[in-house]
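Below, each chain spelled out in residue letters.
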Amino acid sequence: MSLPEASTIWMDGALVPWQQAQVHVLTHGLHYGTGVLEGTRVFATADGPAVFRLTDHLLRLERSARMLRIDLPYSADELAKGTLDLVRTNGHRSCYLRHFAFLGYGSMGLDMRSSPVSTVIASWDWLSALDTEDESVRVKTSSWQRTGPNSVPNAAKATGPYLNSVLARREATDAGYDEALLLGPDGFVSECSAENVFAVRGGVLRTPPASAGALEGITQDTLLTLARDLGVEVRVENLLRSDLYAADEVFISGTAAGVVPVRSLDDRELPAAPGPLTVRLRELYRAAVSGAEPRYRGWLTPVD
Ligand code: PMP
């Protein structure tokens, strides 16, 4: 993915040219992963660009920061304003947004108290999370597992713990798969490296809870709402990998990925990819994010 070096970045309250948005090599977050982040999307709608669930993403950023004891210098309202300024300045019709806050240059060592917090919003046209040309993906259970609840707070979208996902994704792609499935320390299904996972069997939609080490995905929450609105029975409960092998349909979800059908898990082909419920949910999700379905317009923040 090439980055748009001609555009602008919001950095600590100011819009700065892309090339000037730089940090020192002794930035605390670079050494110790002390940062929190969000990935959010701007979609093209009939009324112009709109950010999908902006407040929910910014509130998750705030919760992540609280869990890591990082004091965000900006409120969610200020970050929302900065986001809209940035998208307008860069002239995007649709884009990916990366909000992040990290401990900067101040002191080295594990003590985090004397490093300043930097806050950044970047935007670019990257819209694909999975490096595949196919509509569906082949997934492999990883030899890496999600960290337990007393290692790092998995509910925080924090930079350091992403090493776990990066290692899992690398192992899966080296072995010729598209994505890795991570199990938690108890052996239950957690999530993929950057997506939540869903299984459908007998018309019932199931997805693991946060207590399985999964991020509380905003797309996951969106899809659960859409499924309930369609009258589908949904259950947020622990799943075994064999529940996925035995499913009628499996799909994964994330802001960057959208709704992606799983074709096989550990070389076991699923009966359908996409299956019928995956297709219905994906269509409704696309209608929600594009503003085509009036019922869900409240999730969209217009940029103009
Ligand atoms: N799990 C992980 C580990 C992720 O990085 C992401 C992407 N943010 C997700 C799940 C999906 O979350 P969301 O739908 O909020 O993008």
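Residues numbered from 1 in each chain as written. Predicted model: local features only at pLDDT ≥ 70, side-chain atom pairs only at ≥ 80, totals over all residues. Heavy atoms only, no water.

*Asks:* An account of unusual backbone geometry is requested, with residue identities and associated values reported.
*Replies:* With an omega of 5 degrees, the peptide bond running from alanine 273 to proline 274 counts as cis. Note that proline 274 resides in the loop between strand S15 (268-269) and helix H7 (276-289). At aspartate 12, a position not held by glycine, the phi torsion is positive, near 50 degrees. Looking at the secondary structure, you find aspartate 12 in the loop between strand S1 (8-11) and strand S2 (14-17). Using a relative accessible area of 34% as the deciding quantity, one classes aspartate 12 as partly exposed. One non-glycine residue, aspartate 267, lies in positive phi territory at about 70 degrees. (Helix = DSSP H or I, 4+ residues; strand = E, 2+ residues; numbered from the N terminus. Buried < 20%, exposed > 50% of the residue type's maximum accessible area, 1.4 Å probe, protein only.)

*Asks:* Give me the lowdown on the domain arrangement of the chain, citing residues and values where you can.
*Replies:* With domains assigned, the chain is organised as domain 1 (8-124) and domain 2 (137-289). Taking the mean C-alpha position of each, domain 1 and domain 2 sit 26 Å from one another. The interface is formed by 20 residues belonging to domain 1 together with 19 residues belonging to domain 2. One salt bridge in this structure joins arginine 53 and aspartate 221, with 2.8 Å as the shortest N-O distance. Here domain 1 is connected to domain 2 by 10 residue pairs in polar contact (both at pLDDT 80 or more). Put simply, the parts of the chain that give the side of domain 1 that touches domain 2 at least two residues each are strand S3 (35-45) and helix H2 (54-68). Element by element, the count of residues in the side of domain 1 that touches domain 2 is highest for S3, at 9 residues. Broken down by class, the residue content of the side of domain 1 that touches domain 2 amounts to 7 nonpolar, 8 polar and 5 charged. (Domains from an automatic or database assignment. Contact = heavy atoms within 4.5 Å. Salt bridge = Lys/Arg side-chain N within 4 Å of Asp/Glu carboxyl O. Polar contact = N/O pair within 3.5 Å; in protein donor to acceptor, adjacent residues only side chain to side chain. Nonpolar A, V, L, I, M, F, W, Y, C, P; charged D, E, K, R; others polar.)

*Asks:* How would you summarise the layout of surface pockets if you had to cite specific residues and measurements?
*Replies:* By volume, the second largest pocket is sized at about 450 Å³. Val23, Leu30, Phe100, Phe102 and Val120 are the residues nearest the centre of the second largest pocket, which is lined by 20 residues in total. Elements that contribute at least two residues to the lining of the second largest pocket include exactly S1, helix H1 (28-32), S3, strand S5 (95-103) and strand S6 (117-124). Split into classes, the residues belonging to the lining of the second largest pocket amount to 13 nonpolar, 6 polar and 1 charged. (1 Å grid on protein atoms, 1.4 Å probe; cavity = no way out; pocket = protein on both sides within 12 Å on 5 of 7 lines; lining within 4 Å. Points joined across faces, edges and corners; volume = space filled by probe spheres on them.)

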